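# Chains, contacts and geometry: an overview
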Amino acid sequence: MGIETLPDPECEPGGLIVRVKAATVCGTDIRIYKGIKTRGVRAPSVLGHEFSGIIEESGDPNWRPGQRVAICPALACGRCRMCREDATNICESLVAYGYELDGGFAERVHVPRAFVAAGNVLAMPDHMNFEEAALAEPLACVINGQAQMRLDAGQHVAVLGAGPIGLLHVMLARARGAERITVVQRSRSRRDAALMLGADMAITAEEAAELKVDAAIVAVGSADLANLAARIVRPRGRINLFAGFPVGELPRFDLNAVHYGEHQVTGAFGLTLAQFREALHLIESGAVPAGKLVTHHVALGEAMDAVALAARGEALKAVIAV
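Residues numbered from 1 in each chain as written. Predicted model: local features only at pLDDT ≥ 70, side-chain atom pairs only at ≥ 80, totals over all residues. Heavy atoms only, no water.

## What about the pairing of strand E2 (residues 51–58)?
The cut-off we apply is this: Strand pairing is assigned whenever DSSP identifies at least 2 bridges connecting the two strands. Only DSSP runs of H or I covering at least 4 residues are called helices, and only runs of E covering at least 2 are called strands; the numbering of each starts at the N terminus.
The sheet contact formed by strand E1 (residues 16–24) and E2 spans seven bridges and is antiparallel. Bridge assignment links Ala22 to a residue of E2, and that residue is Ser52. As paired strands, E2 and strand E3 (residues 68–71) are joined by three bridges and run antiparallel to one another. Looking at the pairing, Gly53 lines up with Val69 of E3.

Here's what the structure looks like:
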């Protein structure tokens, strides 16, 4: 990874040029950097799919320079079977920033005509700051995960892993009316963060052995945590495997626990445009104070430091401020 000077992007008819104001580092960026995640990623490419900014040039009469915008970074084709089933997040021809398209770790980003026409550009509320708008993407993914497992009010929820995603799950579950939220996390500092952000209890995996919960969210790709989830949910409880697991390290999942307990196990990948809109609203309203996750700010020239901070677990959310 390095800093390079590239030609300025050109604005196509119907498209936009957005000057990036904030881009946040995601765990997926780290996996791409380490070579763990390669599907859909061009090499070389500009990373960054969580970003917001200001329109600098417009090829669409509905948008004008100077408008503050958030970008839903994934575009579905709208034609494949998954799209026809409203599962646009797993579109067979999905195109996304930081993967097929150069992403937000840059001064300027080209927004293609197709993204604009599909509604992937959203005007930011006046009182929302850029880093909050950038966090709409991970929150939208969390919304998708909780929708897959049909997380309801009044439930006891366990969130396994208290990284940025796990903490967003805590905040969203609290906003959705969870009766009790228990976080399972090895790091003391992350347990403390979970308690500050809405968890009722934060414990280690060893302390969680006697839990009985209605639903468990596996928010980090750990085989041990996946199997813990299968053991602690009540009969007919729900498990969401939100995190991806490293290739070659897929867990030996306790299938008998699922079988005899009649558990419902779901996965979760990505987000839909509707979920991105919902995430922006939840952040704007204060229902999910996602901005509290931000612990570090760096300049674009220090983007590699931001990735390193996140990779070492020293930052919850590092913001690259351009």
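## What to know about unusual backbone geometry
Let me state the cut-off plainly: Buried means the residue's accessible area, taken with a 1.4 Å probe over protein chains only, is under 20% of the maximum for its type, while exposed means over 50%, and partly exposed covers the values in between.
Residue Pro44 follows Ala43 across a cis peptide bond; omega there is 0°. Its location among the elements puts Pro44 in the loop between helix H1 (27–33) and E2. Phi is positive for Asp86, close to 65°, though the residue is something other than glycine. Looking at Asp86, the relative accessible area reads 65%, which means it is exposed. Located in the positive-phi region is Arg236, a residue other than glycine, with phi close to 60°.

## Thoughts on the packing of helix H5 (residues 136–148) against helix H6 (residues 164–175)
Note the following rule: Lines fitted to C-alpha atoms define the axes, with helix axes restricted to the stretch in contact, and inter-axis angles between N-to-C directions lie between 0 and 180 degrees. Working rule for handedness: look at the near helix, and if it is turned counterclockwise from the far one by less than a right angle, call the crossing left-handed; if clockwise, right-handed. By definition, residues are in contact when any of their heavy atoms lie within 4.5 Å.
Their axes nearest at 9 Å, the elements H5 and H6 cross at an angle of 65°. Crossing handedness for the pair H5 and H6: right-handed. Residues Pro138, Leu139, Val142, Ile143 and Gln146 of H5 pack against Ile165, Leu168, His169, Leu172 and Ala173 of H6.

## Re the nonpolar core
Across soluble globular proteins, you tend to see nonpolar side chains buried next to one another. Selection criterion: Definition of nonpolar core: a set of buried residues of the types Ala, Val, Leu, Ile, Met, Phe, Trp, Tyr and Cys, connected through side-chain atoms within 4.5 Å.
Of all hydrophobic cores here, the largest spans 52 residues; its most connected members are Leu139, Val159, Leu167, Leu168, Val183, Phe276 and Leu280. Sorting the residues of this core by element identifies helix H4 (130–134), H5, strand E8 (156–160), H6, strand E9 (180–184), helix H7 (188–196), strand E11 (213–218) and helix H10 (273–285) as the ones contributing at least two each. Those residues in contact with Val183 that sit more than four places away from it in its chain are Val159, Ala162, Val170, Ala194, Ala199, Met201, Ala202 and Ile203. In terms of nonpolar packing, the next biggest core, distinct from the first, is built from 36 residues, Tyr99, Phe105, Leu309 and Ala318 among them.

## Topic: the layout of surface pockets
The following threshold applies: Only protein atoms enter the 1 Å grid used here, on which a cavity is any set of points holding a 1.4 Å probe that cannot leave and a pocket is any open set flanked by protein within 12 Å on both sides along at least five of seven lines; residues with an atom within 4 Å of a point are listed as lining. Grid points are joined across faces, edges and corners, and a volume is the space filled by probe spheres set on the points. Under this grouping Gly is polar, as are all residues other than the nonpolar Ala, Val, Leu, Ile, Met, Phe, Trp, Tyr, Cys and Pro and the charged Asp, Glu, Lys and Arg.
Here the second largest pocket defines a volume of roughly 1100 Å³. As for the second largest pocket, its lining consists of 34 residues, of which Leu6, Ser45, Val46, Leu47 and Phe105 are closest to the centre. Looking at the lining of the second largest pocket, the elements with two or more residues in it are H1 and strand E6 (108–111). If you tally residues by element for the lining of the second largest pocket, the top one is E6, at three residues. A per-class count over the lining of the second largest pocket returns 20 nonpolar, seven polar and seven charged.

## Here we look at the environment of Gln185
Tracing the sequence through the fold places Gln185 in the loop between E9 and H7. Counting along the chain gives 30 residues from Gln185 to Ala215, while the straight-line C-alpha distance between them is 16 Å. Leave out the neighbours within four places in its chain, and Gln185 touches Gly161, Ala162, Gly163, Arg190, Arg191, Ile203 and Thr204.

## Notes on the side chain of Thr204
Position of Thr204 among the secondary structure elements: in the loop between strand E10 (201–203) and E11. Setting aside chain neighbours within four positions, we find Thr204 in contact with Val184, Gln185 and Arg191.

## Side note on the pattern of salt bridges
Opposite charge on two side chains permits pairing when their charged atoms draw close. Counted only if it meets this: Any Lys or Arg side-chain nitrogen found within 4 Å of a carboxyl oxygen on Asp or Glu counts as a salt bridge.
Summed over the entire model, instances satisfying the criterion amount to 14 salt bridges. With a shortest N-O distance of 2.7 Å, Arg236 and Glu262 are connected by a salt bridge. Pair noted here: Arg236 is in strand E12 (residues 233–241) and Glu262 is in the loop between helix H9 (255–261) and strand E13 (264–267), with a separation of 26 residues, a long-range link. Looking at Arg236, the relative accessible area reads 55%, which means it is exposed. Residues joined by salt bridges that share partners form a network here, namely Asp8, Arg19, Glu56 and Arg108.

## Examining the sheet that holds E11
Taken in spatial order, the six strands of this open sheet run E10-E9-E8-E11-E12-E13, and their pairing is parallel. The outermost strands of the open sheet, each flanked by one partner alone, are E10 and E13. Within the sheet, the average angular offset between the axes of one strand and its neighbour, ignoring direction, is 20°. Across four bridges, E12 lies against E13 in parallel orientation. Directly across from Arg238, in E13, lies its bridge partner Gln264.

## Some details on helix H8 (residues 223–232)
Within H8, seven of the 10 residues are buried, leaving the element largely enclosed by the surrounding structure. Taken residue by residue, H8 has Leu225, Ala226, Asn227, Leu228, Ala229, Ala230 and Ile232 as its buried positions. Where H8 is buried, its residues touch E8, E9, E11, E12 and H9.

Everything listed is a geometric property; what it means functionally is a separate question.
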